[in-house]
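Commentary on secondary and tertiary structure
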Amino acid sequence: MPPPVLPAATPLPLAPPPPLFPSPWRWYVVYQGQKSGCGSSDNRRTCFADYYYEYTECDSTGSRWRVAIPQSPGACTGLPEPVRGTECTFSCDAGEFLEMSAQECTQCAAGSYSLGSGVRFDQWDSMPAGFSSLATSLENSPRGDDSSSWVPQGNYLESNRDECTVSLIYAVHLKKQGSVSFEYQYPDKNLLFEFFIQNDQCQEMDQSADAKWLKLTNHGEWATHTVNLKSGTNILYWRTGGVLMGTKVVKPVLLKNVQIEGVAYTSECFPCKPGTFSHSPGSSTCDPCPHDTYSGHGASSCTPCNTTTQYAAEGSATCKDKPPCSKKDYFQIHTACDHEGKTQVMYKWMEPKICLEGVADAEPLPPSGEREPCPPCNPGFYNNDTATCSPCPPGTYSDGMKPCRKCPAGTEPTLGYEYKWWNVLPANMKTSCFNVGNSKCDSMNGWEVAGDHIQSGAGSSDNDYLILNIHIPGFKLPTSVSSHSATEFGRITFEFETVCAADCELYFMMDVNRKSTTVVESWEGAKTRQSYTHIMTKNASVSYTWAFQRTNQPSDVRRRVNDVARLYSITVSNAVDGVSSECRACALSAQPSSSTCVPCPPGHYIDTRTSQCTECPRNTYLVSHATPGPDACKPCGPASRSDKDHRLCYSDCHFTHTEGNATLTFDFSLLGSVGSLMNGPSFTSKGTKYFHQFNISLCGGQGQLAVCTDNVTDLSVTDSQREKGEGANSVKTFICQSTIIPASGRGFHTALSSQSINLADTFLGSFLLNFFHRSLDETSSCVLGRSAVVTLRCNPVKSTKGDLSVPRYSPVCHSLRSPASYHMTNLFICVVDAGADLTACAFGHYSRCPAGTCDGCTFHFLWESSGACPTCTDRDYHQIEGACKGGQQVCDRYSISTGTDWIWDETMC
């Protein structure tokens, strides 16, 4: 809580001290002092009590004076003489205040606290004095918009939820060097969040990038940020701004516990806020009252509630009456298997129980269900006539219903996890509950097992984060699969559904190597039962997290009792600590009678007839998770080739095309390996200008891929890592897209790159100057992944590098022979289906599509260049005899065919 604002001081005509400093921050520079008795005389009384002490502003030597100020100027005489004050940098320790009469540090009384040389803001029922929220227009001018502001929410402050740029501002004047620290939540990368400092000349202080741009946090996790402050005036800015494409609303930034150090001193202690207390003198903080107790303003202890009819959450200022019990006060669980192999449904009251049974309108606790046989063990586990399932020993496998057995010779266990029965929570999973505004659900389970599924738990409030986590320490490829040629180290697949009546959301997140948690995908509202797969392209320790929230609006009650998320199965392949449900073939040593599995070189598959490693044929790529055999090698598409390790297919940009008697030769390498296109500007619904930047790799393989990088959301990544596409928010692929917000128009000092996405990581082939790509990464809006085509056009007047653009019209597949392969917005499925008409895809019906895409899933680009024109060869011309002209014979005459035109070159003899 901030100290109170004191009345303005009146300068006194005393010789020794200079005039008092009329600072807008004087409430923490100059403080009210102690009072004494008062007598009276004639019209003007002699002052004994009607005055208080203040310090003058510091002079050039760092000295100041303590002077007495009458409560009413001119009302009394006989004020104490000014005396020399403490040094300007003097401060008391935490838990103390400066008693002005004696100018000595004194302990705070019980029921109050002091930071010594600091000030803390930890109560946000209203905006504290000195804070302001300012929304900025596109022209960087203030505008009145009450809907776009920072909003107090009791224990924290919440940013705006729209795309407006909004600044939270606080100015502080420090007498010595200090610091500012605060806790924050920043879960949404669609929102930009920066913290910076200006001086009183509106000049931004020097700050490194990692101090200015705040790092993303896990959902429900509070991070702490600290920045050093210089003496003098510091104007603090917390600024947010989102870029919304469509109707999706960003998750707000939350801010709490702002603490500023470097104030010269405090001359009083601050009373503990209601719901907290300090038991001992000399406290620097106040502690929250425990459950079922409460406290008022400035309490040194907490008062118990009448727990028979009342309750209180931790940190309560009052006790509340317990209501009659209802269905929202209990939840359902499945008991663990007993010694007879039976389980049953039971109901339990939520803890702490805050309702009354046996009163009018009270809902009774339902009786327990019938005892039923336990579900079988999950694959890779076995039941040895006990009530629990145990993992099969290494080298063995089981389907969950039979005993564990060893794998036959020439095979090895397939490591991983397949959870589809939920009688108990697996050992490598954990669950929790978290709320940003209170601790009521901290001890609750976020998810509960329910036989054939696991579902979100009851929680205590509708905006609780109900969290489920599985940790995989790393991945282990099958012995005969080379890690050098693998493009997939493992994958996680889960089947889920959400049942919601309002704005619930299910998040799927991952944390790689315990660095930072990122949202992989999220689903809003009710979703029917479906599956989702995410592929790991590198070997790393990873934690996968599911977080379900019934609403992201502030709430301290539980009303949406029927809103629930369910997971039916979770499958993780190649987990290094996994169990095995089956065996797979491996390559054997060439030594006679050997049964030892050996690794295959890059680009080799296992020949199941000979159990030997065999290299994939030329211009094929190896699918690492495919069934062993020659079918694991997939052919590259038209006019493409594979790299030496058979990891991917690419174009070397050299090919020929024959039509009738004409053969055209093309060399697109002159266009360069990567091209860029800045498309726009576009404007969001509120007028924010943004561009889409596309980076396209046309020629070359793994070493010449395009890279898109966010420049504000992953500050732990170095610049060199960003250039290589190695950061968590960097994308390295054939075609990628970033959203660019220009420096002008949003108040940010540099152009911002965010929302980098992979549009195409697989080259399907090229046909008639069209390069076809796709990505199989699923998203909630592109359930079949994304696709892209780059069309090259010969234009002799363009430079060799040429120009990239998005055409006004984009092609759409309309003539597919196989109805099962038809997908209107994904025109490139026809390329990989043998029964499709590729020509119809590339040159069929055209439909109007803005920015080269109709739906954000299918993209079309046009690259015009002189480098896209055919290359002349000796097949393209021939010499003919010339006729006489003006008495001279034309001895050399060449006819050069470009496929459609003839160019004549005449040379006179």
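Residues numbered from 1 in each chain as written. Predicted model: local features only at pLDDT ≥ 70, side-chain atom pairs only at ≥ 80, totals over all residues. Heavy atoms only, no water.

- For the protein, an unreviewed UniProt entry supplies the name Endosome-lysosome associated apoptosis and autophagy regulator family member 2a and the organism Sparus aurata.

**Topic: the nonpolar core**
- Formed by 47 residues in total, the largest nonpolar core has its most connected members in W447, I472, F494, Y544, W546, L567 and I570.
- When sequence neighbours within four positions are dropped, the list of residues in contact with I472 reads Y417, N428, A540, S541, V542, Y544, V572 and A575.
- Formed by 35 residues, the second largest nonpolar core is a distinct cluster that contains W124, Y184, F193 and I197. (Core = buried A, V, L, I, M, F, W, Y, C linked by side-chain atoms within 4.5 Å. Buried < 20%, exposed > 50% of the residue type's maximum accessible area, 1.4 Å probe, protein only. Contact = heavy atoms within 4.5 Å.)

**Quick look at the state of the cysteines**
- Tallied over the entire structure, the rule returns 19 disulfides.
- Bridging C92 to C105, the disulfide has an S-S length of 2.1 Å. Measuring the twist about the S-S bond at about -90°, one finds the C92-C105 disulfide to be left-handed. Of the two residues, C92 sits in the loop between β5 (83–84) and β6 (96–99) while C105 sits in strand β7 (residues 104–107), which places them 13 residues apart along the sequence.
- Relative accessible area serves as the criterion here: at 4%, C92 is assigned to the buried category.
- Here C305 connects covalently by a disulfide to C319, the sulfurs 1.9 Å from one another. Between C305 and C319, the S-S torsion sits near -85°, and that sign places the bridge as left-handed. Residue C305 is located in the loop between β24 (303–304) and β25 (310–311), and its partner C319 is located in the loop between β25 and β26 (320–321); the two are separated by 14 residues in the primary sequence.
- Judged by relative accessible area, C305 falls into the buried class, the value being 10%. (Disulfide = S-S within 2.5 Å. Helix = DSSP H or I, 4+ residues; strand = E, 2+ residues; numbered from the N terminus.)

**Side note on the sheet that holds strand β58 (residues 689–697)**
- Pairing is antiparallel in the open sheet, where four strands are placed in the order β57-β58-β61-β62. Where the open sheet ends on each side, the last strands, each with one partner, are β57 (674–683) and β62 (752–760). Shown here is a sheet whose adjacent strand axes are inclined to one another by a mean of 20°, direction ignored.
- Taken together, the six bridges between strand β61 (residues 735–741) and β62 define a ladder with antiparallel strand orientation. Each bridged residue has a counterpart across the sheet, and for Q737 the counterpart in β62 is I757. (Pairing = 2+ DSSP bridges. Axes fitted to C-alpha atoms, helices over the stretch in contact; angles between N-to-C directions.)

**A closer look at the sheet that holds strand β65 (residues 786–794)**
- The sheet built from five strands is open, its strands ordered β63-β64-β65-β69-β66 with mixed pairing. Each of the sheet's edge strands pairs with one partner strand only, and the pair in question is β63 (762–767) and β66 (803–805). Neighbour to neighbour, the strand axes of the sheet diverge by 20° on average, direction disregarded.
- Here β65 runs beside strand β69 (residues 858–865); their pairing, made up of eight bridges, is parallel. Pairing of C794 across the sheet is with S865, part of β69.

**Concerning unusual backbone geometry**
- E351 connects to P352 through a cis peptide bond whose omega is -5°.
- Along the chain, P352 turns up in the loop between β29 (345–349) and β30 (372–373).
- At D292, a position not held by glycine, the phi torsion is positive, near 65°.
- One can find D292 in the loop between β22 (287–288) and β23 (293–294).
- Residues other than glycine seldom take positive phi values, yet D361 does so here, at roughly 70°.
- Looking at where D361 falls in the secondary structure, it is placed in the loop between β29 and β30.
- The exposed category is assigned to D361, whose relative accessible area is 75%.

**Quick look at the side chain of K322**
- Examined against the element boundaries, K322 turns out to sit in the loop between β26 and β27 (330–334).
- No salt bridge is formed by the buried K322; the nearest opposite charge belongs to D292, separated by 6.3 Å.
- Among the polar contacts listed, one links the side chain of K322 to the backbone oxygen of T307, at a separation of 2.8 Å.
- Non-local contacts of K322, meaning those with residues more than four positions away in its chain, are made with T307, T308, T309, Q310, Y311, K353, I354, C355 and L356. (Lys, Arg positive; Asp, Glu negative; His and termini not counted. Salt bridge = Lys/Arg side-chain N within 4 Å of Asp/Glu carboxyl O. Polar contact = N/O pair within 3.5 Å; in protein donor to acceptor, adjacent residues only side chain to side chain.)

**Some remarks on empty space enclosed by the protein**
- A full pass over the atoms with the stated rule returns four cavities of 30 Å³ or more.
- Size it by volume and the largest cavity reaches roughly 150 Å³.
- Lining the largest cavity are 15 residues, with L254, V436, Y465, Q549 and N552 sitting closest to its centre.
- Residue composition of the lining of the largest cavity, by class: seven nonpolar, five polar and three charged.
- Here the lining of the largest cavity spans two domains, and each of domain 1 (118–263) and domain 2 (431–576) adds at least three residues to it.
- Size it by volume and the second largest cavity reaches roughly 90 Å³.
- The wall of the second largest cavity is formed by 14 residues, among which V481, R584, Y605, I606 and L622 lie closest to the centre.
- Among the elements that make up the lining of the second largest cavity, the one with the highest residue count is strand β49 (residues 604–607) (three residues).
- Partitioned by chemical class, the residues of the lining of the second largest cavity number eight nonpolar, five polar and one charged. (1 Å grid on protein atoms, 1.4 Å probe; cavity = no way out; pocket = protein on both sides within 12 Å on 5 of 7 lines; lining within 4 Å. Points joined across faces, edges and corners; volume = space filled by probe spheres on them. Nonpolar A, V, L, I, M, F, W, Y, C, P; charged D, E, K, R; others polar. Domains from an automatic or database assignment.)

**As for the packing of aromatic side chains**
- As enumerated under the stated definition, the model contains 39 aromatic pairs in all.
- Pairing Y186 with F193 gives two aromatic rings, centres 5.6 Å apart and planes at 80°, and the pair type is edge-to-face. Neither residue differs from the other here; Y186 and F193 are each classed as buried.
- Both rings, one in F494 and one in W546, keep their centres 5.5 Å apart while their planes meet at 90°; by these two values the pair is edge-to-face. Placement of the pair is F494 in strand β40 (residues 490–499) and W546 in strand β44 (residues 542–549), with a sequence separation of 52 residues. The two residues F494 and W546 agree in class, both being buried.
- An aromatic cluster is built from F121, W124, F131, W150, Y170, F182, Y184, Y186, F193, F195 and W238, whose rings are joined through pairwise contacts.
- Directly above the ring of Y53 sits R66, whose terminal nitrogen or CZ lies 3.8 Å from the centroid.
- Above the face of the Y568 ring, R529 is positioned so that its terminal group lies 3.7 Å from the ring centre. (Phe/Tyr/Trp six-rings, centres within 6.5 Å; stacked < 30°, edge-to-face > 60°. Lys NZ or Arg CZ within 6 Å of the ring centre and 35° of its normal.)

**Regarding the pattern of salt bridges**
- Taken as a whole and judged by the stated rule, the model has 14 salt bridges.
- A salt bridge links E505 to K251; the nearest nitrogen and oxygen atoms lie 2.8 Å apart. On the criterion of sequence distance, the pair formed by E505 in strand β41 (residues 505–512) and K251 in the loop between β18 (232–242) and β19 (254–261) is long-range, its members being 254 residues apart. Both residues of the pair, E505 and K251, belong to the buried class.
- Residue D607 pairs with R609 through a salt bridge whose shortest N-O separation is 3.4 Å.
- Residues joined in a network through salt bridges with shared partners are E194, K212 and R239.

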